[in-house]
Amino acid sequence: MTQQSPRSPAPVEPEAVPGFALAVAAEGLYLINLMIAPGLAFVALMVLWVRHRHAAPALARCHLAQTFRASLWAGGLLIVANAAIIGLGGYQSASTWIVVILYFTTCHATLIFFGAMGLARALAGRPYVFPLIGSACDD
């Protein structure tokens, strides 16, 4: 067991960080949007973002901004995948499965991985910036 010096501050529980619950909710809704209830969870995430984007604590603002932006990217990538399917001959074409498999194994799985990392950081009470598609959080 490690000893803390009398001068070191006590560790802060993640739940005590301002904005913890909202950050976890944002990350959870992002993952629900990708895996369980697409569209419905996005609307709930959008409502949270619109209501709290300016007044929430820094942790919550960071996670809300990241998840909302990533959800928009996910929707855009889905539109691109559908356009590729239509451009390559429509849904009856053999190339449909190639595009679908490539989309799910690269784009969709990567977005879910980023969301799992974001949820882990939110549960730890720490900010998270999505790689490639995120933007810096204000402190």
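Residues numbered from 1 in each chain as written. Predicted model: local features only at pLDDT ≥ 70, side-chain atom pairs only at ≥ 80, totals over all residues. Heavy atoms only, no water.

For the protein, the helix and strand inventory stands at four helices and zero strands. Going from N to C terminus, the protein has its helices and strands arranged as α-α-α-α. Computed over the C-alpha atoms, the radius of gyration of the protein is 19 Å, more than 25% above the 14 Å expected from 2.2 N^0.38 for a compact globule of 139 residues. Based on the C-alpha atoms only, the size of the protein along its principal axes is roughly 70 × 35 × 25 Å. For the protein, buried positions account for 32% of its 139 residues. If you take every contact in the protein between residues at least 6 apart in sequence, the share linking residues at least 24 apart comes to 64%. For the protein, the accessible area works out to roughly 8500 Å², and carbon and sulfur atoms hold 70% of it. (Helix = DSSP H or I, 4+ residues; strand = E, 2+ residues; numbered from the N terminus. Rg over C-alpha atoms; globule rule 2.2 N^0.38 Å. Buried < 20%, exposed > 50% of the residue type's maximum accessible area, 1.4 Å probe, protein only. Contact = heavy atoms within 4.5 Å. Areas by Shrake-Rupley, 256 points an atom, 1.4 Å probe, with all protein chains shown as cover.)

With that out of the way, let us pick up helix α3 (residues 58–87). An ideal rise of 1.5 Å per residue puts 44 Å on 30 residues; α3 measures up with 43 Å between its terminal C-alpha atoms. Phi turns positive one or two residues past the end of α3, at Gly89, with a value near 125°. (Expected span 1.5 Å × (residues − 1).)

A few words now on a nonpolar patch on the surface. On the surface, a cluster of nonpolar side chains totalling about 290 Å² of accessible area is made up of Val43, Met46, Val47 and Val50. Positionally, Met46 belongs in helix α2 (residues 40–52). Take Met46: its relative accessible area is 32%, and that puts it in the partly exposed class. (Patch = residues over 30% accessible without salt bridge, like charges linked within 9 Å, V, L, I, M, F, W, Y side chains within 5 Å. Salt bridge = Lys/Arg side-chain N within 4 Å of Asp/Glu carboxyl O.)

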